[in-house]
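The chain contents come next:
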Amino acid sequence: DVDLMKGAQKAPEYVKKFPAGQVPAFEEGTFYLEESLAILSYIAGSDLKPVSQKDVILLDQYFGRHYAQVRKFSTKVIIPALLGDKETVPEGIETITPLLEDYNKLLGEQKFIVGDKLTLADFLFAPEVDQLQ
């Protein structure tokens, strides 16, 4: 457990293992990982990674889009709402609405973000959207 409210993620013993001093973080014996994508990728192994070159490239494309655009869910809507900045939330919703519409259309045409197989992209996307409820 990392008590973020007490700044435990910045404690010397934590930063020694996880230099970014952030969560999420993963520890298995003497193996340490930071960053959601790296942690998900390690835990999933090959089960949630596409096989075809086309789908591998589509997954890579989603990863780029996720950090450039999808994370706006949190930065433009969720974080301001949690911090009580109610004036910023409507603007954030306006910013992300076209992106949500794009994904709604995409998921109306195919079962998952990268085609017909569940991948890491779906596990990154789902919590972002779920926070909006």
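Residues numbered from 1 in each chain as written. Predicted model: local features only at pLDDT ≥ 70, side-chain atom pairs only at ≥ 80, totals over all residues. Heavy atoms only, no water.

One number sums up the size of the largest pocket: a volume of about 460 Å³. Looking at the largest pocket, it is lined by 20 residues, and the ones nearest its centre are V23, P24, E35, S36 and R71. Only α2 (36-44), α3 (53-70) and α6 (120-130) provide two or more residues apiece to the lining of the largest pocket. Considering every element that reaches the lining of the largest pocket, the biggest residue donor is α6, with four residues. When the residues that make up the lining of the largest pocket are grouped by side-chain class, the tally is nine nonpolar, six polar and five charged. By volume, the second largest pocket amounts to about 150 Å³. The wall of the second largest pocket is formed by L58, Q61, Y62, R65, Y103, L106, Q110, I113, V114 and G115. Secondary-structure elements contributing two or more residues to the lining of the second largest pocket are α3 and α5 (88-109). For the lining of the second largest pocket, the element with the highest residue contribution is α3, accounting for four residues. (1 Å grid on protein atoms, 1.4 Å probe; cavity = no way out; pocket = protein on both sides within 12 Å on 5 of 7 lines; lining within 4 Å. Points joined across faces, edges and corners; volume = space filled by probe spheres on them. Helix = DSSP H or I, 4+ residues; strand = E, 2+ residues; numbered from the N terminus. Nonpolar A, V, L, I, M, F, W, Y, C, P; charged D, E, K, R; others polar.)

Let us now look at the nonpolar core. Counting residues in hydrophobic clusters, the biggest one holds 19 residues, and the most contacted among them are Y62, V70, Y103, I113 and F125. If near-sequence neighbours (up to four positions away) are discounted, I113 is found in contact with Y62, Y103, L106, L107, A121, D122 and F125. (Core = buried A, V, L, I, M, F, W, Y, C linked by side-chain atoms within 4.5 Å. Buried < 20%, exposed > 50% of the residue type's maximum accessible area, 1.4 Å probe, protein only. Contact = heavy atoms within 4.5 Å.)

Moving on, we get to the packing of α3 against α5. Relative orientation of the contacting elements α3 and α5 amounts to 150°, with a least axis distance of 12 Å. Considering their axes alone, α3 and α5 lie roughly antiparallel with respect to each other. Contacts between α3 and α5 involve Y62, R65, Q69 and V70 on the former and, on the latter, L99, D102 and Y103. (Axes fitted to C-alpha atoms, helices over the stretch in contact; angles between N-to-C directions. Parallel < 35°, antiparallel > 145°, perpendicular 65-115°, else oblique.)

The subject of this paragraph is the pattern of salt bridges. Within this structure, the stated rule accounts for three salt bridges. Where K17 meets E27, a salt bridge forms, and the shortest distance between an N and an O atom there is 3.1 Å. Separated by ten residues along the polypeptide, K17 in helix α1 (residues 12-17) and E27 in strand β1 (residues 25-28) bring together distant segments of the chain. The residue K105 makes a salt bridge to E109 at a minimum N-O spacing of 3.6 Å. Taken together, the positions of K105 and E109, both in helix α5 and four residues apart, correspond to about one turn of that helix. (Salt bridge = Lys/Arg side-chain N within 4 Å of Asp/Glu carboxyl O.)

A word on the pairing of β1. Bridge count for β1 against strand β2 (residues 31-34) is four bridges, and the pairing is antiparallel. Counterpart to A25 in the pairing with β2 is E34. Between β1 and the antiparallel strand that follows it, β2, lie two residues; G29 among them carries a positive phi value of about 65°. (Pairing = 2+ DSSP bridges.)

Structurally, the position occupied by P127 is in helix α6. Residue P127 is classed as partly exposed on the basis of its relative accessible area, which comes to 42%. Separated by 69 residues in the primary sequence, P127 and L58 place their C-alpha atoms 20 Å from one another.

It is worth spelling out the side chain of E128 at this point. If you trace the backbone, E128 turns up in helix α6. Residue E128 is classed as buried on the basis of its relative accessible area, which comes to 4%. Ignoring sequence-local partners within four residues, the contact set of E128 consists of H66, V70, R71, F73 and S74.

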